[in-house]
Amino acid sequence: MRLPRATFPPQRPAAAAGFTLVELLITAVLGSVVIGAITTLQLSELRATTSQDLSLQLRQEANLAAGWIDSEIQRASGFDNTVAASCTAPAGTSLRFSVLTQPNSGGTLREVSYFSPTGTAVGNVVRCGPPVVCTANTACALDLAAANVTYLVASNARLDVTSPLDGTARRTLTYTVTTRPGVVAPDITRQAFAGAPGASVGSEWEY
Amino acid sequence: MIRTRQEGFSLPEVMIILVILAILIAASQIPIANDIQLRRRASLHSGVRDLANWIELVRTRAAQGRVCTVTISNGTVAAGGVVASVAPAACGANHTLDAEVAAQTGPLAVSRNPATTIVFTTDGGAQPTSSVAVEGFNAVEVRLSSTTANRRACLAISNGTGSLRFGSVNSSTGTCTYTGPF
């Protein structure tokens, strides 16, 4: 069988039907480029949604941790930098502050220590102190007779105090909760005031 | 010299076209297959986030001054099925599996470790009746597994504070890890 010789540009009478090899090749390449572009577009859309979800998640995490610390501070009578009895800083973390708690009726002073990753690292924010016990439809309270327990306050986060504690008990504390710095969520800064037992306690929010 | 071409293609032409098409199709199928798998996994993850958002709602209700008790389902859950329930009714409606999520992931195997109810307290914390160590901290681990997506996504609810951690593993039966972004 004799094959026709390929010439470029293809020369043929207008009436001849069918495509040339070159035409088919161009069509195939154009088609694949279009399909590729659509796939890429869909993928980037998916990634954008994921990033938005992450932002919301980080904000939630920071708010949750700050909410917990706020409720802890509402039970506080002051702050210091002494680690609570039988508590040790988890590996890679150091003490940020301890919340002093004293029942209104007097009794033993207990401390709740908050640990955060050392330096500027991000990781687990840990609380060590008396367990919180809640009974049905009543406010929660520290079980001041129980041994200290460790709770995870936040992961992928860090906790900082604006003015480091220096060994003397204080009445005010400004703390910052950061969730994965450099991603998307803003830091949450709060200033908490701890009064004498029974006195009013407040907290200011700042974003 | 212009001569009339024969209609149709010659055998070598058709063979070349077939080979090129085969290569193009093969190359484009890889990202498309990845894309489908990515979507399934993203859906599974958003299923876990839906659960986390629902838990936040329960937490908010609890912080308004009532104790809310959450029970996580144990078994296969299809679209619209109950993933987690809460009592009393004032704490909100039960959490069901979103149809859009289920359309991508298929029915989910829902399980929790340990088998326990979780009490959300008035100060925003969570107190399960029992807990297990999940990467160093006591928690209740909720697992949503999809055989279609060949993935398991986990939500660890910490004992005490009720802080949430997200984990996942590339297998519908493996142990979730909690490092890195979810």
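Definitions and limits used
Per chain, residue numbering runs from 1 following the sequence as it is written. Written order determines the labels here, with chains lettered from A and ligands numbered from 1. Per-residue local features are limited, in this predicted model, to residues with pLDDT of at least 70; the limit for side-chain atom pairs, both in listing and counting, is 80 or more; totals at the level of whole chains, interfaces and linings are taken over all residues. Here a strand is any run of E in DSSP of at least two residues, a helix any run of H or I of at least four, and the numbering for each starts at the N terminus. Working definition of burial: number of other C-beta atoms within 10 Å of the residue's own, with buried at 20 or more, exposed at 12 or fewer, and partly exposed in between, all C-beta atoms being placed from the backbone. Remark: residues whose backbone-derived C-beta atoms lie within 7 Å of one another are considered to be in contact. Strands were regarded as paired on the criterion that DSSP finds at least two bridges between them. Expected span, for any helix, means 1.5 Å times one less than how many residues it has. Joining buried Ala, Val, Leu, Ile, Met, Phe, Trp, Tyr and Cys residues through C-beta atoms within 7 Å gives a set, and that set is a nonpolar core. On a range of 0 to 100, pLDDT expresses the predictor's confidence in each residue.

This part covers the overall build of chain A. A tally of regular secondary structure across chain A gives 1 helix and 10 strands. Going residue by residue from the N terminus, the α and β elements of chain A occur as α-β-β-β-β-β-β-β-β-β-β. Within chain A, the proportion of its 207 residues that are buried is 29%. Considering only intrachain contacts with a sequence separation of at least 6, the fraction spanning at least 24 residues in chain A is 53%.

So, on to the sheet that holds strand 1 (residues 68–72) of chain B. All names here are of chain B. If you walk across this open sheet you meet the 5 strands as 4-3-1-6-7, and the pairing is antiparallel. Each end of this open sheet is capped by a strand with a single partner; those strands are strand 4 (95–96) and strand 7 (126–128). As paired elements, strand 3 (residues 82–87) and strand 4 share 2 bridges and run antiparallel to each other. Among the inter-strand pairings, Ala-84 is bridged to a residue of strand 4, identified as His-95.

A few words now on unusual backbone geometry. The peptide bond linking Ala87(B) to Pro88(B) adopts the cis configuration, its omega dihedral lying at -5°. Here Pro88(B) is to be found in the loop between strand 3 and strand 4. Residue Asn156(A) is not a glycine yet carries a positive backbone phi of 55°. Structurally, Asn156(A) is set in strand 7 (residues 149–161). The residue Glu135(B) is not glycine, and still its phi comes out positive at about 45°.

Residue and element names in this part refer to chain B. Positionally, Thr-173 belongs in the segment after strand 11 (164–169). Exposure remark for Thr-173: the 11 C-beta atoms within 10 Å place this residue in the exposed category. Residues Thr-173 and Asn-150 lie 23 residues apart in sequence; the distance between their C-alpha atoms is 8.7 Å.

Our next topic: helix 1 (residues 11–63) of chain B. Counted at 1.5 Å a residue, the expected span for helix 1 of chain B with its 53 residues is 78 Å, and the 77 Å between its end C-alpha atoms agrees. Positive phi appears at Gly65(B), one or two residues downstream of helix 1 of chain B, with a value of about 115°.

Quick look at the pairing of strand 5 (residues 108–113) of chain B now. Put simply, side chains in a regular strand alternate between the two faces of the sheet. Residue and element names in this part refer to chain B. Because side chains alternate across strand 5, one face comprises the buried residues Leu-108, Val-110 and Arg-112, and the other comprises Ala-109, Ser-111 and Asn-113, none of which is buried. In this structure, strand 2 (residues 75–77) lies alongside strand 5, joined through 3 bridges in antiparallel fashion. Residue pairing across strands places Val-77 opposite Leu-108, the latter belonging to strand 5. Summarising the sheet, strand 5 and strand 9 (residues 137–146) pair through 5 bridges and their orientation is antiparallel. Across the sheet, residue Asn-113 finds its bridge partner in strand 9, namely Glu-141.

Of all hydrophobic cores here, the largest spans 68 residues; its most connected members are Ala65(A), Leu155(B) and Ile157(B). Per element, the largest residue contribution to this core is 8 residues, and it comes from helix 1 (residues 21–73) of chain A. Ignoring sequence-local partners within four residues, the contact set of Ala65(A) consists of Val125(A), Val153(A), Ala154(A), Ala157(A), Val177(A) and Ser163(B).

On to the confidence of the model for chain A. Overall, the prediction assigns chain A a mean pLDDT of 76, with 71% of residues at 70 or greater. Predicted confidence for residues 196–201 of chain A stays below pLDDT 50, and this span has 11 contacts to residues more than four positions away or in other chains.

This part covers the pairing of strand 6 (residues 117–120) of chain B. Residue and element names in this part refer to chain B. Alternating positions in strand 6 separate cleanly, Ile-118 and Phe-120 being buried on one face and Thr-117 and Val-119 remaining unburied on the opposite face. Pairing between strand 1 and strand 6: 4 bridges, direction antiparallel. Bridge pairing links Cys-68 to Phe-120 in strand 6. Here 3 bridges tie strand 6 to strand 7, and the two strands are oriented antiparallel to one another. Each residue of the ladder has a partner; that of Phe-120, found in strand 7, is Ala-126. In sequence, strand 6 turns back onto strand 7 through a hairpin of 5 residues, with Gly-124 there showing a positive phi of about 90°.

A separate point is the environment of Ser73(B). Residue and element names in this part refer to chain B. If you trace the backbone, Ser-73 turns up in the loop between strand 1 and strand 2. For the pair Ser-73 and Arg-112, spaced 39 residues apart in sequence, the C-alpha to C-alpha distance is 7.7 Å. In this structure Ser-73 touches Val-82, Val-83, Ala-84 and Val-110, once residues within four positions along its chain are discounted.

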